[in-house]
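Analysis of the macromolecular model
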Amino acid sequence: MSAQPRLAPKRARAKNPQAAIDSYLNDVAARNPGEPEFLQAVQEVAEHVVPFALTRPEYQSLKVLERLAEPDRLISFRVTWQDDHGVTHINRGYRVQNNNAIGPYKGGIRFHPSVNASILKFLAFEQTFKNSLTSLPMGGGKGGANFDPKGRSESEIMRFCQAFMSELFRHIGPDTDVPAGDIGVGGREVGYMYGQYKKLTNRFEGVLTGKGMAFGGSLIRPEATGYGVVYMMQNMLEHMGQEVAGKTCVVSGSGNVATYCVEKLNELGGKVVTLSDSSGFIYDPHGIDAEKLAWVMDLKNVRRGRISEYADAFDAEFHEGKRPWGVMCDLAFPCATQNEIDTKDAKQLVRNGVLAVSEGANMPSTPDATHIMMEGGIRLAPSKAANAGGVAVSGLEMSQNSLRYNWTRDEVDQKLRAIMADIHEHCVTYGEPKAKSVNYLKGANVAGFVKVADAMVAQGLV
Ligand code: NDP
Ligand code: 2IT
């Protein structure tokens, strides 16, 4: 048989782009009923990638886009554990291995009560494009469980992580699939999962990233996502002849991504006036400086408290049940969760004259909100580009584990800055550089797609 891919039939090549997008999305919708988040993620990519794929017949004949939207594997398993009172609990664990055309599956683990197949399939799909953008050899995957860590004791967290890994270990490996953290999973949980993996396999290897520094972690990995989100913003602002210094910034969330985003904004002379959690947001008109940020990190990582407590400790307002997008600012950084900016929020951001948005959370804006912001003149760095710094430094952690060596903080930070600058450049190249405003969404989608698609074509129908 010829190694050359077959050309698509003439009919397919002549298809008009909108008809091709509709047909692709209808097919994905029919195969994945009741999975709105997954469909949303595919839709966001299809808008730009389907028309691009129409120009390459081999992508069509080998159904590259269709294969990308059908995970290689979705593993679902029971997680059984006992709480401190001896009560037995059953949760559902997952690992979605979306695509490994350019490297082992790679992506975080989320522990949150909302976790289901749709959310993890959306995240694994996004991760495939994001990892490609980093230029490092990593495929796309995501995992998690519908476990709520809130209010759980240290020993309950440990037992849950061990129970989760007791099944996951047989599906992962340093050259197969390398998980890391995400919502509800940080250094503590990665440590417990690593310990259980080692116990079960008797192997000390780079099977997880985000590990502690004493057992194979990388400097800057905890900071990387938040720092990267700000480096992306810096690159966008430079492109517009602007800078972070002196800008008022609104940040949502108060976890890993949000807090290191604030740290970097402070370092660059920005003024951050909000943080949030699932109960509401705080508004501090004086700015969340380094001292207050240290207090927040202790609140969230040690005392495991609520952001409302900030308003009692400092001269600030707490807005219960609200999101921060109505607060006047120049720059916005959604760093909590998916769909946290809806059309109403987007219109408000446009009305407030916001210059640019850098998305720290995965898919934080609804599709309509994204269009409203972009059409309203806001420069928008989509999550798969803006938050890629986290997985990029995970990739660097894998490199260091393979080398059995550690780079310095400065070496890792320099590499992270270079990767984010490169991602920005790719977005500009593919995102209509001649137009008045760069379409970063289109740029990220197409640039992320090309490398994966070409690798899939080269590897044949597998
Ligand atoms: P954390 O668990 O450290 O923090 C999550 C924060 O978001 C908390 O403040 C949490 O509030 C809030 N939050 C979570 N769910 C909701 C919700 N449904 N409504 C409102 N607020 C919510 O997670 P991370 O900081 O790691 O992750 C934040 C986002 O960044 C996620 O979208 C994640 O996928 C993305 N991301 C993370 C990376 C990483 O390296 N960690 C890398 C790239 C992207 P509460 O405590 O009340 O739940
Ligand atoms: O969404 C993400 O990119 C992450 N949660 C980080 C994944 C990783 O493997 O570091």
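You'll find the structure just up there.
These lines cover the structure that appears in this document, whether it is placed above or below. (Residues numbered from 1 in each chain as written. Chains lettered and ligands numbered in written order. Predicted model: local features only at pLDDT ≥ 70, side-chain atom pairs only at ≥ 80, totals over all residues. Heavy atoms only, no water.)

Moving on: the overall build of the protein chain. Along the backbone of the protein chain there are 18 helices and 12 strands. Radius of gyration (C-alpha) of the protein chain: 22 Å, near the 23 Å computed for a compact globule of 462 residues. In terms of overall dimensions, the protein chain has a C-alpha envelope of 70 × 55 × 45 Å along the principal axes. Out of the 462 residues in the protein chain, the part that is buried amounts to 55%. Of the contacts formed within the protein chain by residues at least 6 apart in sequence, a portion of 71% connects residues at least 24 apart. As presented, the protein chain carries roughly 18900 Å² of accessible surface, and 50% of it is formed by carbon and sulfur atoms. (Helix = DSSP H or I, 4+ residues; strand = E, 2+ residues; numbered from the N terminus. Rg over C-alpha atoms; globule rule 2.2 N^0.38 Å. Buried < 20%, exposed > 50% of the residue type's maximum accessible area, 1.4 Å probe, protein only. Contact = heavy atoms within 4.5 Å. Areas by Shrake-Rupley, 256 points an atom, 1.4 Å probe, with all protein chains shown as cover.)

To continue, consider the nonpolar core. Val251, Leu265, Leu275 and Phe333 are the most contacted members of the largest nonpolar core, which has 58 residues in total. Broken down by element, this core gets its largest block of residues, nine residues, from helix 9 (residues 221-239). What Leu265 contacts, discounting residues up to four positions off in sequence, is Val230, Val244, Cys249, Val251, Gly270, Val272 and Phe333. (Core = buried A, V, L, I, M, F, W, Y, C linked by side-chain atoms within 4.5 Å.)

Here the focus is the site of ligand 1. Around ligand 1 sit 25 residues in total, of which Asp182, Thr225, Ser278, Arg306 and Asn362 are the nearest. Within the side chain of Arg221, a nitrogen or oxygen atom sits 3.0 Å from an oxygen atom of ligand 1. At a separation of 2.8 Å, an oxygen atom of ligand 1 approaches a polar side-chain atom of Asn362. Of all the secondary-structure elements, those providing two or more residues to the shell around ligand 1 are helix 9, helix 10 (256-267) and strand 7 (271-277). Broken down by class, the residue content of the shell around ligand 1 amounts to five nonpolar, 13 polar and seven charged. (Near = heavy atom within 4 Å. Polar contact = N/O pair within 3.5 Å; in protein donor to acceptor, adjacent residues only side chain to side chain. Nonpolar A, V, L, I, M, F, W, Y, C, P; charged D, E, K, R; others polar.)

Taking strand neighbours across the sheet as the criterion, the seven strands line up as 9-8-7-6-10-11-12 in an open arrangement whose pairing is mixed. The open sheet has two free edges, formed respectively by strand 9 (317-320) and strand 12 (379-381), since each of these has just one partner strand. Taking each pair of neighbouring strands and ignoring which way they run, the sheet shows an average axis angle of 15°. As paired strands, strand 6 (residues 248-251) and strand 7 are joined by three bridges and run parallel to one another. Along strand 7, the bridge assignment pairs Thr248 with Lys271. The strands that helix 9 touches are strand 10 (331-333), strand 11 (356-358) and strand 12; relative to strand 11, the one it contacts most, it runs at about 155°. (Pairing = 2+ DSSP bridges. Axes fitted to C-alpha atoms, helices over the stretch in contact; angles between N-to-C directions.)

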